[in-house]
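# Structure assessment
Okay, here's what each chain looks like letter by letter:
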Amino acid sequence: MNNYETVFILTPVLSDAQVEEAVKKFEDLLKANNCEIVAKENWGLKKLAYPIQLKKNGFYTLIEFKGEGTVVADLETAYKRDERVIRYLTTKLDKHAIEYAVTRRTKVKTAKV
């Protein structure tokens, strides 16, 4: 199993319930493909670096997961078919990126407390 990280941006016209529904849809897709979700971070509404589809903001979500390489194609196909997703990026994590992700998660947890 490989470690992956996916970040996707949802359109800013969605309500909080619609954003949660969209995120849950992608989590369920990963679980249906026997992936283990390591971490999920909701970064909230952020300003985009440049306008995408005439939108200047978007809801950012990061999901780290472990799974087979074939699941990435299925996930990205689901992103392309969902009109709520305006951008996405999925990357395979190497050992250094995994270590960094663990330290980043622990920093986020201590900052929230």
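Residues numbered from 1 in each chain as written. Predicted model: local features only at pLDDT ≥ 70, side-chain atom pairs only at ≥ 80, totals over all residues. Heavy atoms only, no water.

- Per an unreviewed UniProt entry, the protein goes by Small ribosomal subunit protein bS6 and derives from Kaistella jeonii.
- On record in UniProt, under Sequence similarities (unreviewed entry), the comment for the protein is "Belongs to the bacterial ribosomal protein bS6 family."
- The protein has a UniProt comment under Function (unreviewed entry) that states "Binds together with bS18 to 16S ribosomal RNA." (UniProt positions renumbered as here; feature names shortened; annotations may be inferred.)

## Overview of the environment of glycine 67
- Among the secondary structure elements, glycine 67 is positioned in strand β3 (residues 55–67).
- Residues glycine 67 and glutamate 36 lie 31 residues apart in sequence; the distance between their C-alpha atoms is 6.6 Å.
- If sequence neighbours within four positions are ignored, glycine 67 has contacts with Met1, Asn2, Tyr4 and Cys35. (Helix = DSSP H or I, 4+ residues; strand = E, 2+ residues; numbered from the N terminus. Contact = heavy atoms within 4.5 Å.)

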